[in-house]
Structure formats: structure tokens, C-alpha cells
Amino acid sequence: MSLLKKLLHEPLLHFLVIGALLFVFYGLKNEGLNVDDKQIIISQDDITYLSKQWQRKWQRPPSDIELQSLIEHQIREEVMYREALVLGFEHNDPVIRRRLAQKMSFIADDLAEQIAPSDEDLISYLHDNKSQFELPARLSFVHIYFSVDKRGAKATADAESLLAQLQHTEEHEDITILGDAFMVSQQQNQQSEQEVARLFGSDFARELFEQNNHIWQGVLRSAYGLHLVRIEEKTPAKLPELDQVKDKLRNAWLAEQRATMNKNLYESFRSQYQVIVQGQVIENDVSISSQ
Amino acid sequence: MGIKVRFFGGFDFKQADIKQRDIAKIGYAKGVPMGGDLNTAPTGKSPTFIVAALRDPEGANLDRIQIVKGWLDKQGQGQEKVYDVVWGGDRQPNTNGKLPAVGDTVDLTIPTWTNTIGASELSAVWQDPDFNTDLNAFYYVRVLEIPTPRWTAYDQVRFKLDLPKDIPLKTQERAYTSPIWYNAN
């Protein structure tokens, strides 16, 4: 089992296996098409394939004339392709070079897709990448606003005197008539620090999230003026359950696998080369992108 | 984030409505929100609007709220008129009815600005003074911020650029609402 697992993570082996498969596959597909001869054979299978490709694009089968021109096009491409090979046009073409190099990384990508992560893999990935998946702390609170624009220097004293009054009353007052009118609702439910920052400014949000007591507190300064606040409920930050983020986790996990596979594949090839830059031998540098 | 704007139109908004705690409540009770339609005015009444704006918590103070009215004249040409509805500070319109500029706190060397002019929030009830019952019209709101450095000003400082004279370095950011439509019939 562990050997198999180890083999499954060996990129060079993957490469060889896939390479062999591709070779066999394309060999079978191109059966009867002899590249060496000046002969081009379009089989019934080729025509069916062209027709299906057309249908996928246009949502209907090609007409006879359209099919005829598809075949013409195919023949033309084959002729030009072969003549280009005869002239060696595949060499020293930056577009073709890039495409071929890219195809190598597709192999690693495809390999990564074959591996399905277990729940344990995903859970450990979740714990290794807490900050990326953590659900932020949330607060429900009410606030009373004192407009500095309207009250000027009196605003602080007004807020403080109301705070003293509120802290000494047992019952909950009707706060909708206290303080000044404000376009942001007095009742805020289940807001994250980021969401509070978007409404009141980031300094206010930071200060508010440091509070824990469920009593009237203040005076907090927002981007607009002064506020008295009472926290009603605080939900601490926590990691989500696996089921809530399974798809996201799987995608992130696969992306990481792809990156690792690509990196390993590249390094296993790279180690076989001696690279000299301006007379200096460059050691296998793992920081070089696998792309 | 961004400037918050609320805008309602109806035929019965009173000056006192602006003192209401919840503008949405009075707005929906007595009128239609932005994007809505006002149909054939009751005899002797002109449309009234209630508008309120709150600046971005991290952004610049507000200079003024404007209502832009548009209609087609007798020749079928589009016409527009901009009304200053409410503004920050102690400014008075001059004899031509033009409101003086809010001022400018921009320091281009940093660049930055200060919220020492303008207002955090503005609100008003406004009635169309030039209303014609038989003419289709639209009304939308424009909220102007006080002048702030334009992106070119930030680039100029960060990259130590010598910019041509015709590149604007300051701007007044703004918020627009959808219109409220008056349908004559």
C-alpha cells in the first residue's frame, strides 16, 4: 500500500506511464495514416469526428456542403502541416516551444486530477490553512449615535451622561429615541469585523471587537461621530465543518497537488541538465516556477 | 463602503419628515424609492422628494446634494436643470442663485485631504419649484464629495513624476441615484 502510494506520487513514473499511453493512443488513432508517404487518408472515423466537433459547436449536424468544406479544410491543414515538418518549421518557433512546454505541465495537471482526496486529507488541509477558511467572529450589537456635526463639542459630554444613565437602569430603554438619527441601523446583527468597518470605519470596528461585556459601553468614535454600544451576542471565530467547505477544500487541495506535481516533474527533469548562465553553473533552483 | 444615498419621491413630503429617525420608513410610507414612478400630480401639488446621504466611513466629507431634473422641451430637445438641495457649512447662494464652492483641503505633496470642510451626512426635503403638471420629467440625485486627490496625484508622488499641466490632480467623487419618473398621464 505504502509503496503504491509512493509510486503514485512519483512524477517521473506518471510521466512515463502517460507518455506510453499517449503513444499507444495516437498510434491507434492514426492507424492507416502513413506520415512518410505522400498519401493522405481520411477515414470514416475521421469524418465522424469532424462532424461531431461541428455539432458540438453549432448544435446541429453539418450539411453536405459544410461537411465537404470541413474535409477540405482538414486535408489542407494536413498538407500544410506535413510540408511545414519537412521544412523543419517546428524548430525555433517561440509559440510552438511554449505550447510544447505547456503540454508537459498539462500532464502533471491531469495526473493530479486522478487523485481523489480522502476526508482525512481535506481535514488536515483545513487545519494547515486555517486563516484561509476560518469563519470570522461575528457580533450582534445596538448603538446610539451622537452627531459631532450637530452637537459640536457638547457631543462627548452628552454621550457620557447618557452612558452613566443607561448603566444605572436595569430595564432596557427604548433606544430608538436616544441620540441622533443616523442612516445606519441602530440594531446590527451577526456582523463580522470587516462588515462593521464598512459601515462605521475600521478603528471603530477594531475597538468594538475588543469588547466582551454585554453592558452599555462607550464612548466609541466612528468615522461619523460618537457611539454608545451594547453587545448582544458574540460568536467567536471558528473553523467551518468539513461539509460546509468540502468543494472549496477539494479545489484548493487539488490546486496544491497540481502545483506540487508540476514542481516535482520539473525538478526531476531539471536535475538531469547542467545549466550554465554567463559561464556560471546554476544549481537546480527549486524556486524557479514549474511553468 | 462608498457613499450611502436614499431618495424617495411623493406629493406629501413635509420639511418635518427629515427629522424622522428612519428615512426608509417615511419614504416608503409616503412615496416611491429611486427607480419608481410618480403618476399624474393631484391638483395644485408638485412632487416633493426626501433625500439623505452619508459619506464613506473611510472617505471624504460631502460637499452638497443636487437633484437633476430632465424633460423634453417643445422642440423635442432634452433639457436638464441642476438644483443644489442641501450643502455642508455656512454657505449662501449668491445673487445668481449659485452656491459657492465648498473649498479645498487637498495637500498635493503627500497627497491627502482633511474632513474639516463639508459634512458627514446631509439630508433634505425638496419640492420642484418649476413643476408643470402636463410635462413628463425625471429626477435623480447627485451627491458630491469635497475635493480629494485624483489617482494622478498619488502616482505623481509615488513615482516622483513631472506631469503636464493639463493633467487634473484633484477631483470631486460623487454618487448617483436611479431616477424617479414623473408621468403626466
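Above this note sits the structure.
Remember, it's a predicted structure, so these values are computed and weren't measured experimentally.

Caption draft 1: Layout of the overall build of chain B. Within chain B, the secondary structure is distributed over two helices and 12 strands. Traced from its N-terminal end to its C-terminal end, chain B shows the element sequence β-α-β-β-β-β-β-β-β-β-α-β-β-β. Seen through its C-alpha atoms, chain B measures out along the principal axes to roughly 60 × 45 × 30 Å. Per-residue burial for chain B yields a buried fraction of 43% across its 185 residues. Pairs at least 24 residues apart make up 74% of the contacts formed inside chain B by residues separated by at least 6 positions.

Caption draft 2: The arrangement of the sheet that holds strand β2 (residues 187-192) of chain A in detail. All names here are of chain A. Here four strands make up an open sheet; going across it, the order is β2-β1-β4-β3 and the pairing antiparallel. Each having just a single partner strand, β2 and β3 (216-221) make up the two edges of the open sheet. Pairwise comparison of adjacent strand axes, ignoring direction, gives a mean angle of 40 degrees for this sheet. Note that strand β1 (residues 138-147) and strand β4 (residues 225-235) share 10 bridges and pair antiparallel. Looking across to β4, one finds that L139 is bridged to K234. Docked against the sheet, helix α10 (residues 193-200) engages β1, β2 and β4, running at close to 130 degrees with respect to β2. Its contacts with the sheet put helix α11 (residues 202-209) on β1, β2, β3 and β4, and the angle it makes with β4 is roughly 45 degrees.

Caption draft 3: Broad picture of the interface of chain A and chain B. Taken together, the contact pairs 22 residues of chain A with 16 residues of chain B. Interface area for chain A against chain B, summed over the two sides, is near 1,400 Å², with a carbon-plus-sulfur share of 51%. In this structure, the connection of chain A to chain B is made through zero salt bridges. Between chain A and chain B we count eight residue pairs in polar contact (both at pLDDT 80 or more) in total.

Caption draft 4: Region of the structure containing a nonpolar patch on the surface. All names here are of chain A. Among the surface-exposed residues, I40, V79 and M80 lie close enough to one another that they form a single nonpolar patch of about 230 Å² accessible area. By secondary structure assignment, the location of V79 is in helix α4 (residues 64-86). A relative accessible area of 35% means that V79 is categorised as partly exposed.

Caption draft 5: Structural detail: the pattern of salt bridges. Residue and element names in this part refer to chain A. Enumeration according to the criterion identifies 20 salt bridges over all chains in this entry. Residue E83 pairs with K38 through a salt bridge whose shortest N-O separation is 3.1 Å. Separated by 45 residues along the polypeptide, E83 in helix α4 and K38 in the loop between α2 (11-29) and α3 (44-58) bring together distant segments of the chain. Relative accessible area serves as the criterion here: at 77%, K38 is assigned to the exposed category.

Caption draft 6: Local environment of the packing of helix α6 (residues 119-128) of chain A against helix α12 (residues 242-270) of chain A. Residues and elements named next belong to chain A. For the pair α6 and α12, the least separation of the axes is 9 Å and the interaxial angle reads 85 degrees. Relative to α12, the element α6 lies roughly perpendicular. When α6 is examined against α12, the residues D119, D121, L122, I123, Y125 and L126 are found in contact with a partner set consisting of L242, K246, L249, R250, A252, W253 and E256. Partitioning the contact of α6 with α12 into residue classes produces eight nonpolar, no polar and five charged.

Caption draft 7: Quick peek at the packing of aromatic side chains. This structure, assessed with the given rule, holds 17 aromatic pairs over all chains. Centre to centre, the rings of A:F141 and A:F200 are 6.1 Å apart; their planes meet at 55 degrees, and the pair counts as tilted. Of this pair, A:F141 sits in strand β1 while A:F200 sits in helix α10; the two residues are 59 residues apart in sequence, bridging distant segments of the chain. A:F141 gets classed as buried once you look at its relative accessible area, which sits at 0%. Looking at A:F200, the relative accessible area reads 1%, which means it is buried. Centre to centre, the rings of A:F200 and A:F204 are 4.7 Å apart; their planes meet at 25 degrees, and the pair counts as stacked. Each residue in the set A:F141, A:Y145, A:F182, A:F200, A:F204 and A:Y224 is aromatic and connected to the rest through ring pairs, giving one cluster. Seen from the ring of B:W71, B:K69 lies directly overhead, with NZ or CZ sitting 5.5 Å from the centre.

Caption draft 8: Quick look at the pairing of β3(A). When β3(A) meets β4(A), the two strands line up antiparallel, connected through four bridges. Its bridge partner lying in β4(A), A:W216 is registered against A:R230.

So, how was this worked out
Residues numbered from 1 in each chain as written. Chains lettered and ligands numbered in written order. Predicted model: local features only at pLDDT ≥ 70, side-chain atom pairs only at ≥ 80, totals over all residues. Heavy atoms only, no water. Helix = DSSP H or I, 4+ residues; strand = E, 2+ residues; numbered from the N terminus. Buried < 20%, exposed > 50% of the residue type's maximum accessible area, 1.4 Å probe, protein only. Contact = heavy atoms within 4.5 Å. Pairing = 2+ DSSP bridges. Axes fitted to C-alpha atoms, helices over the stretch in contact; angles between N-to-C directions. Buried area = accessible area lost by both parts, 1.4 Å probe. Salt bridge = Lys/Arg side-chain N within 4 Å of Asp/Glu carboxyl O. Polar contact = N/O pair within 3.5 Å; in protein donor to acceptor, adjacent residues only side chain to side chain. Patch = residues over 30% accessible without salt bridge, like charges linked within 9 Å, V, L, I, M, F, W, Y side chains within 5 Å. Areas by Shrake-Rupley, 256 points an atom, 1.4 Å probe, with all protein chains shown as cover. Parallel < 35°, antiparallel > 145°, perpendicular 65-115°, else oblique. Nonpolar A, V, L, I, M, F, W, Y, C, P; charged D, E, K, R; others polar. Phe/Tyr/Trp six-rings, centres within 6.5 Å; stacked < 30°, edge-to-face > 60°. Lys NZ or Arg CZ within 6 Å of the ring centre and 35° of its normal.

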